[in-house]
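# A closer look at the structure
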Amino acid sequence: KSLGSKITLGPSEGLAFFLGGPDGDVYYLDDKGKCSKAFTADGAVEKLLYYEEKNVLVTVTSGLVLTQHSVTAEGGLQEVTKVKLSGKTGQVDIIWAGRGVMAMATAEPLIRMWDLEKDDNYALPLPIDSTATFTSGEAVNCLSFCSKKGVLTGGTSEGKVAMWKFAPAPGLAGKKQDGENRWKFLTPTVLEGNITQVQWGSSKNLLAANIVATVIVLNEQSMSAHFRDGVTAVQVSPTQLSINSFTSRAHYDLKTEIQVKGVYVTQEHLSVWNGKKLVVYDIPSDKGAMRMTGTFQTDSALVCMHEQNLYTVEPGKIQVRNFQGTVKQLLTFSEVEGEPIAMDVCGAYLVAATSTNFLRMWDLSRREAKQHCSPKNLGEVIPELGAIVSVKSNCTGSKVAILVKKSHGQMDSRLWIYDVELDSVQYFDFTTGQGELDELTSAQEATGEEVSEEQRGRTEAARDVAGRLPRAQYWDPQEPKLLTCEAVLPPAPEDKKASKTSSLSVPDVQPDVMVVSLFSTPEHGILLQDAHAMDAAHGSLIGLQVPYFYFTKKAGESVPVADPDSNAPVTPEHVARRTMRDFIGLEESDKNSRDAMMSFSYFLTIGNMDEAFKAIKLIKSESVWENMAKMCVKSRRLDVARVCLGNMGHARGARALREAEKEPELDAKVAILAIQLGLNEDAERLLKHCQRHDLLNELYQSTNQWNKAVETAESHDRIHLRTTYYNYARHLEAQGDLLGAVPNYEKSDTHRFEVPRMLFDDPQSLEAYIMKTKDKALRKWWAQYMESTGEMEAGLQFYEAAGDYLSLVRVYCYCGNMDKAAEIANETGDRAACYHLARQYETQDRIKDAIHFFTRAGAYGSAIKLCKEHGYEDQLMNLALLSTSQDMLEAARYYEKRPGMEDKAVMLYHKGGHFSKALELAFRTQQFAALQLIAEDLDEKTDPVLLNKCADFFMEHGQFDKAVELLVVARKYVDALELCMQHNVTITEPLAEKMTIPKDSTEFDSEYRTQLLERLADCCMKQGSYHLATKKYTQAGNKIKAMRALLKSGDTEKIIFFAGVSRQKEIYVMAANYLQSLDWRKDPEIMKSIIGFYTKGRALDSLAGFYDACAQVEIDEYQNYEKALGALSEAYKCMTKARMKNASEQEEKVANIKHRVTLIKKFLQARKVYEDDPDETMKQCQVLLEETDLDSAVRVGDVYGLMIEHYARQENYPRAYQYMEEMRQRIPTVNMAYYVNMRTIEAVHRALDIPLGRGMGAEKNMRTESLDEDEGEEVEEDVAEDYDDQV
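Residues numbered from 1 in each chain as written. Predicted model: local features only at pLDDT ≥ 70, side-chain atom pairs only at ≥ 80, totals over all residues. Heavy atoms only, no water.

## Examining the overall build of the chain
Inclusion rule: Runs of E in the DSSP output that reach at least two residues are strands. Runs of H or I that reach at least four are helices, and both are numbered from the N terminus. Accessibility here uses a 1.4 Å probe with only protein chains present; expressed as a share of the type maximum, an area under 20% marks a residue as buried, one over 50% as exposed, and anything in between as partly exposed. Residue contacts are defined here by distance: any two heavy atoms, one from each residue, within 4.5 Å place the two residues in contact. Exposure was quantified through the Shrake-Rupley algorithm and a 1.4 Å probe, taking into account, for residues, occlusion by the shown protein chains and nothing else.
When its secondary structure is counted, the chain shows 48 helices and 48 strands. Taken over 1287 residues, the chain has a buried fraction of 48%. Counted over contacts in the chain with a minimum sequence separation of 6, partners at least 24 positions apart contribute 44%. Summed over all atoms, the accessible surface of the chain reaches about 63,300 Å², with 48% contributed by carbon and sulfur.

## Focus on the packing of aromatic side chains
Centre distance and the angle of the planes are the two values used to describe a pair of aromatic rings. Test applied: We call Phe, Tyr and Trp rings a pair once their centres come within 6.5 Å, taking the six-membered ring for Trp, and we label the pair stacked below 30 degrees between planes, edge-to-face above 60, and tilted otherwise. Cation placement over rings: the criterion is NZ of Lys or CZ of Arg within 6 Å of the ring centroid and within 35° of the ring normal.
Scanning all chains against the criterion turns up 24 aromatic pairs. On the numbers, 5.5 Å between centres and 65° between planes, the contact of tryptophan 164 with phenylalanine 185 is edge-to-face. With tryptophan 164 in strand 15 (residues 160-166) and phenylalanine 185 in strand 16 (residues 183-190), this pair connects stretches of sequence that are 21 residues apart. On the basis of an interplanar angle of 65° and a centroid distance of 6.3 Å, the ring pair of tyrosine 548 and tyrosine 550 is categorised as edge-to-face. Looking at tyrosine 548, the relative accessible area reads 10%, which means it is buried. Counting every residue linked through ring pairs, the aromatic cluster contains Phe760, Trp781, Trp782, Tyr785 and Phe798. Across from the ring centre of phenylalanine 333, 5.1 Å away, lies the NZ or CZ of arginine 360, which sits over that ring. Residue placement shows lysine 481 over the ring face of tyrosine 602; its charged tip is 4.8 Å from the ring centre.

## Some remarks on the pairing of strand 18 (residues 206-210)
Which entries qualify depends on this criterion: Pairing between strands requires that DSSP locate at least two bridges from one strand to the other.
Where burial is concerned, the two faces of strand 18 differ: the one with Leu207 and Ala209 is buried and the one with Leu206, Ala208 and Asn210 is not. Sheet topology note: the strand 17 (residues 197-200)/strand 18 ladder contains four bridges and is antiparallel. In the sheet register, valine 198 faces strand 18, and the bridge partner there is alanine 209. In sequence, strand 18 turns back onto strand 19 (residues 215-219) through a hairpin of four residues, with valine 212 there showing a positive phi of about 70°.

## Topic: the environment of leucine 882
The residue leucine 882 is located in helix 25 (residues 873-882) in this model. Residue classification places leucine 882 among the exposed residues on the basis of a relative accessible area of 52%.

## With respect to the sheet that holds strand 7 (residues 65-71)
The strands making up a sheet are joined through hydrogen bonds of the backbone, oriented either antiparallel or parallel. The line we're drawing: Helix axes are fitted to C-alpha atoms over the stretch in contact, other axes to C-alpha atoms as well, and angles between N-to-C directions run from 0 to 180 degrees.
Taking strand neighbours across the sheet as the criterion, the four strands line up as 5-6-7-8 in an open arrangement whose pairing is antiparallel. Each edge of the sheet is formed by a strand with only one pairing partner; in this case those strands are strand 5 (45-51) and strand 8 (77-84). This sheet shows a mean twist of 20° between the axes of neighbouring strands, independent of strand direction. Here strand 6 (residues 56-61) runs beside strand 7; their pairing, made up of five bridges, is antiparallel. The residue bridging leucine 57 from the neighbouring strand is histidine 69, located in strand 7.

## Here's the deal with helix 11 (residues 680-689)
All buried positions along helix 11 are accounted for by Asp682, Ala683, Glu684, Leu686, Leu687 and Lys688. A positive phi of about 60° marks glutamine 691, the residue just after helix 11.

## Observations regarding the pattern of salt bridges
Spelled out, the test is: By definition here, a salt bridge exists when the distance from a side-chain nitrogen of Lys or Arg to a carboxyl oxygen of Asp or Glu is within 4 Å.
Per the stated rule, a full pass over the model turns up 34 salt bridges. The partner of lysine 277 in a salt bridge is glutamate 257, and the shortest N-O contact between them spans 2.6 Å. Of this pair, lysine 277 sits in strand 26 (residues 277-282) while glutamate 257 sits in the loop between strand 23 (250-255) and strand 24 (262-265), placing them 20 residues apart in sequence. Because the salt bridges share partners, they merge into one network encompassing Glu663, Glu665, Arg692 and Asp694.

## Quick notes on the packing of helix 11 against helix 12 (residues 693-702)
Worth spelling out the cut-off: Should an angle fall under 35 degrees it is taken as roughly parallel, and over 145 as roughly antiparallel, whereas 65 to 115 is taken as roughly perpendicular and any remaining angle as oblique. Each crossing gets its hand from how the near helix is turned against the far one by less than a right angle, where anticlockwise is left-handed and clockwise is right-handed.
Helix 12 packs onto helix 11 with a crossing angle of 155° between their chain directions and a minimal axis gap of 9 Å. The angle between the axes of helix 11 and helix 12 places the two elements in the roughly antiparallel class. Viewed along their axes, helix 11 and helix 12 form a crossing whose handedness is left-handed. In contact with Asn680, Ala683, Glu684, Leu687 and Lys688 of helix 11, helix 12 contributes Leu695, Leu696, Leu699 and Tyr700.

## Observations concerning the side chain of arginine 779
Assignment of secondary structure puts arginine 779 in helix 18 (residues 776-788). Each residue touching arginine 779, except ones within four places of it in the same chain, is listed here: Ile770, Met771, Lys774, Phe798, Ala801 and Ala802.

## Regarding helix 9 (residues 651-659)
Put simply, the rule is: Within this analysis, the arc is defined by the directions that extend from the helix axis to the C-beta atoms.
When helix 9 is considered as a whole, its buried residues turn out to be Gly653, Ala656 and Leu657. Down the axis of helix 9, the buried set is contained in an arc of 100°. They therefore lie on one face. Exposed positions of helix 9 whose direction lies more than 90 degrees from the buried face are Ala651, Arg655 and Arg658. In this structure, the buried residues of helix 9 make contact with helix 8 (638-648) and helix 10 (666-676).

## What about the packing of helix 16 (residues 751-759) against helix 17 (residues 763-773)?
Applicable threshold: In this classification, Asp, Glu, Lys and Arg are treated as charged, Ala, Val, Leu, Ile, Met, Phe, Trp, Tyr, Cys and Pro as nonpolar, and every other residue, Gly included, as polar.
Between helix 16 and helix 17, the least distance of the axes is 8 Å, while the angle of their chain directions is 155°. The orientation of helix 16 with respect to helix 17, classified from their angle, is roughly antiparallel. Of helix 17, the residues touching helix 16 (which contributes His751, Val755, Pro756 and Leu759) are Pro763, Ser765, Leu766 and Tyr769. Of the residues assigned to the contact of helix 16 with helix 17, the class counts are six nonpolar, two polar and no charged.

## Comments concerning unusual backbone geometry
Of note, the amide linkage connecting valine 546 to proline 547 takes the cis form, showing an omega dihedral of 15°. Structurally, proline 547 can be placed in the loop between strand 46 (538-545) and strand 47 (548-553). Look at alanine 107: it is not a glycine, yet its phi comes out positive at around 60°. By the element assignment, alanine 107 lies in the loop between strand 10 (101-105) and strand 11 (110-115). With a phi close to 60°, glutamate 1211 is a non-glycine residue in the positive phi region. Here glutamate 1211 lies in the loop between helix 44 (1196-1209) and helix 45 (1213-1226).

## What to know about the sheet that holds strand 48 (residues 575-579)
With respect to topology, three strands assemble into an open sheet ordered 46-47-48, the strand pairing being antiparallel. Looking at the sheet topology across the chains shown, the edges are occupied by strand 46 and strand 48. For this sheet the average axis-to-axis angle between neighbouring strands, irrespective of direction, equals 30°. Relative to strand 48, strand 47 is paired through five bridges, and the arrangement is antiparallel. Paired with threonine 552 across the strands is valine 575, a residue of strand 48.

## What about a negative patch on the surface?
Basically, it comes down to this: By definition, no residue in a patch forms a salt bridge, and every one has over 30% relative accessible area; like charges are joined within 9 Å, nonpolar side chains (Val, Leu, Ile, Met, Phe, Trp, Tyr) within 5 Å. Lys and Arg are tallied as positive, Asp and Glu as negative. Neither His nor the chain termini are counted. Note on charges: their place is set at NZ of Lys, CZ of Arg, CG of Asp or CD of Glu.
Taken together, the side chains of Glu1171, Asp1172, Asp1173, Asp1175 and Glu1176 present a region of like negative charge at the surface. Assignment of secondary structure puts aspartate 1173 in the loop between helix 42 (1143-1168) and helix 43 (1174-1185).

## Focus on the nonpolar core
Applicable threshold: Residues grouped as a nonpolar core are buried Ala, Val, Leu, Ile, Met, Phe, Trp, Tyr and Cys residues, joined through side-chain atoms within 4.5 Å.
Phe600, Met628, Leu673 and Leu837 are the most contacted members of the largest nonpolar core, which totals 109 residues. At seven residues, the largest contribution of residues to this core is made by helix 7 (residues 622-635). Apart from residues no more than four positions distant in its own chain, leucine 673 is found in contact with Ala629, Cys632, Val633, Leu638, Ala641, Leu645 and Leu657. Counting residues in each nonpolar core, the second largest holds 54 residues, with Ile1090, Val1194, Tyr1213 and Met1220 among its members.

## Here we look at the side chain of threonine 61
The residue threonine 61 is located in strand 6 in this model. Of the residues examined, threonine 61 reaches a relative accessible area of 2% and is grouped as buried. With near-sequence residues (within four places) excluded, threonine 61 lies in contact with Ala41, Asp42, Gly43, Ala44, Val45 and Glu46.

## Details of the environment of threonine 312
The topology assignment puts threonine 312 in strand 29 (residues 309-314). For threonine 312, a relative accessible area of 0% gives the class buried. Sequence spacing of threonine 312 and aspartate 299 is 13 residues, and the spatial spacing of their C-alpha atoms is 8.7 Å.

## As for the environment of tyrosine 427
Its location among the elements puts tyrosine 427 in strand 40 (residues 424-429). A residue is classified by how much of its surface remains accessible, and tyrosine 427, at 16% relative accessible area, is buried. Distance in space between the C-alpha atoms of tyrosine 427 and serine 413 is 9.7 Å, their sequence separation being 14 residues.

## Structural notes on the pairing of strand 37 (residues 385-393)
Bridging between strand 37 and strand 38 (residues 399-406) involves seven bridges; their strand directions are antiparallel. Following the sheet pairing, alanine 387 is matched in strand 38 by lysine 405.

## Re the confidence of the model for the chain
Basically, it comes down to this: pLDDT is defined as a per-residue confidence score from the predictor, taking values between 0 and 100.
Summing up the model confidence of the chain, the mean pLDDT is 78 and the portion of residues at 70 or higher is 77%. Low confidence marks residues 1-12, where pLDDT is under 50. Its contacts with residues over four positions away, or in another chain, come to 35 contacts. Low pLDDT, under 50, characterises residues 559-569; the stretch is placed with 12 contacts to residues that sit more than four places away or in other chains.

Right, dumping it as structure tokens:
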């Protein structure tokens, strides 16, 4: 036995797989070649299938035992389920037939299906009873599934190929649909022999069938059909046709000698061809038998007929032949025009399109075909034209309808109309549902321009057909303006298919195919006249002829043909016709009536109402007016609908339409009209379109479509969800379905009233329902009912189940069981139960128990009343404190009258909010502790007299802080401040805020407020609360004093911030002066702030002094004369710009700075030339030493140090020592090592053999690098940057 078919790929990218054999063992082979036994099945493994979406391995044994194992990434298996499948064992074929659906053929006349996702199984039987195709003993041997088409194919033992298409209902209905109803049986194909294997090809719609002796490849082909002159011809099998004449009511079944690939019919003749041969038949007018008229060989794939002529296509020409094939005329095409690829005849006109997109027409009304118009290159007028698909001419040859593909191969959504007389094209775009002129109107509407109701109606109607592609087009054979199109939805992308089918909301499902009627007018363009969804039983549109559309029927939708000898109307088996919307009720009318209705429809479509009503003024039939009213639903012409309803005498509809005017959406108004006319499907579609789900819900309810109503309410109309459930429950109750009504009453949350009402006549059912629901309200109601009937025990049980402790206590008290009632009240603490029990105890004079349960119930007033009446004073106080303020005051009055209990009275008056009474009683009884507690709760609403009295009391007893608090509350701010000053009461920030009068105060003026704030700030200053003083000075508007207070606080950060926000010169200078008192030398930020504040404060003389100080620091600490020179230069600039009151003093300072700058420059110059001319440097140093005030700019020690270092370097040690001695004489307390390197000093002394003398001990390591020196360098750099910025 071959095991090749048993191998199925595993989860690891196809590199690992499972293998099963006849002994039942299943092995796992990984990508490394390692084979391991996974498990052992219950018999020989017949099939291994891998369910990729859920990583499940499905195993079916020869005994039809199905096992599911979940597969891990490493190939491990864990059994999920194991079931025994029904069916015959032996010959079994098992395949996947969709996601999670397994199909199994077991040589029976059916296919067994197993849905693994839903854990459901069902069968697809061969339709033996409904057709003669299958025999009773026929069995399905083999299976194949085409996932692209969703078609399941089975080969039978009698040579039949049976097919089912997966076609579930859309939306939620498809989810609820039974499995077998999701599959639709298709027309079978009959072969000869026993089919043992079938297999779909990967492309080209091919199906191979193995019948042992040979393999037959089947090609899918659409059945041909044609309609003309009231005659239809429909292919029902490869060699059989069904012909129906609607004029003579004749029906013919024709079996041809060729396999039909094309058919063309006229009133008298029928032609069929297969691409090699063409056969012509006569259609008898007397219901006789059809006979063959002629046949000939031709390779033409396009054939047309007109009268006695056939038109076939050859390369570069169209041949006009007779029925025997003799060529009577040639209609040739130039090389530029290309080959004919599409052809049609309508009336007496032949139209053809070529491979190079040329259009040609001929007039066939004469003996020979005559060219009707010049050849037209459609590529010049149709943008992005790729290829012409179909061309159809109208009956007068004035217009041609064209379907094309775009240059990239996609079908064009536009239907093009070529006007022969005007040599122009118009189009109708199925993407928007509008013609090119209507699109301009839509653009106006989008920009907010006013549009008429007629135009808005067209726009709304266009949305019904928008988003489609045209598939076929047909002209009416007698009305040159009317044509119809079959429009289909474009194929959905793969990623959207799943989301569409998985939606659980109410589907606004668009029909797959719509039949769209259009009027082609020269003035108004192409206008939408009507559109309706194609019936599910109809296959495709094959033509129209007023007043009918003609369709083929789908397989399985055929009905038997009526007896031709009887007078019963003909019901064709394979063809259906549908009355056009405008002609319902006029099917059997004369030509004048039909013409009048056609004129009415045309004028209505273009909006000419005068001409429309004039056209039908002679028609009096109510049915016609009703039909026209229904037309208004499609056209959304409510103005016309009002006239129609009036002529119908439809008063209810007229009233509903008038009331519908309040609805904002046009589609909602039209839907109400549709409901009145019985067009519920149209109303449903319109309401979905305008998203009026509330009205849609009402429609579903009124038409008893409760499932849809509930679904709509759940998904889109949740505000009416409970109402919907309630109405559904009332409906079910009216229908007698009480069990169905109960859950809907529950969902509507009305079950507590409605279910007892509904089941009241059936107490047992009602009690069972109440026990089942466990609803406390229902149990309480039932307990009350039981109590009313005297069944106390049952009532107590239900009261307990409902948690109604009040009723439990009430019933127990009624029964005299007070202990049990007290137990329940104590355990539950239910206030109502405790109150009821307390009242019972009160009536029985059990006062202590009554007080206890009144207290548990929170009824403190009742408990207090009992305490006062019976002298329970020990409990009265606690109860009063727990109760309301009114009860507290009542108890306080009680205690006030009792000697020795005034303290309790004071406390209760205080707690009850009666401060005046509490204070009065406290003063009277000298309760000082109580006074202190009361004073804490006093506020500005308290009587000022009481506040003053309390304040005086606290002052008398030395509690000045509390006295101050009360004076502030009494708004005696000055007295409070004086008390603070006299007795040094610390003013805290909260107290200061209380003493600050709000700006918007109407009681005090602003001047008093300012004075008070300044006095408050002065007091804070004296107490050392500098920050608080700053705040109050600022609030008083005195920023100078605020700054002084802040300076005393020493808070540098706040001083800098306050100076920055105050923006006053004096404050800037004050801040800078303060900052200069800090160690600004080590903090560059402070130094920058000093410079900035002096600059902003225009205190240039102070700034000059600061720069002077900086220069001195550079000299004294860092010996950096270059930066010192820069600082003095800045000081010089500032001093020259300053405006000092004493001009002479200013000049003196300027001269002094200038002289110092000169001295520093000389010293720097001397150091600068040292490298080139040391002697010159020594001379300049001698000159500098002769300056009397040299030390004011250059330190004498630095000059001597330069000279000593020079002579020591030249080893002129005597001269160096001479200057050292001179330096000691000039600076007696000099630290020599500060100016001269210690090694130099030691070298000089050592050379002259002179011991280190006085002052030398402190000279060690003074010039070495140290931490201070490093810090100095950093500050030095910062100062340098600051000087650079200033320059």
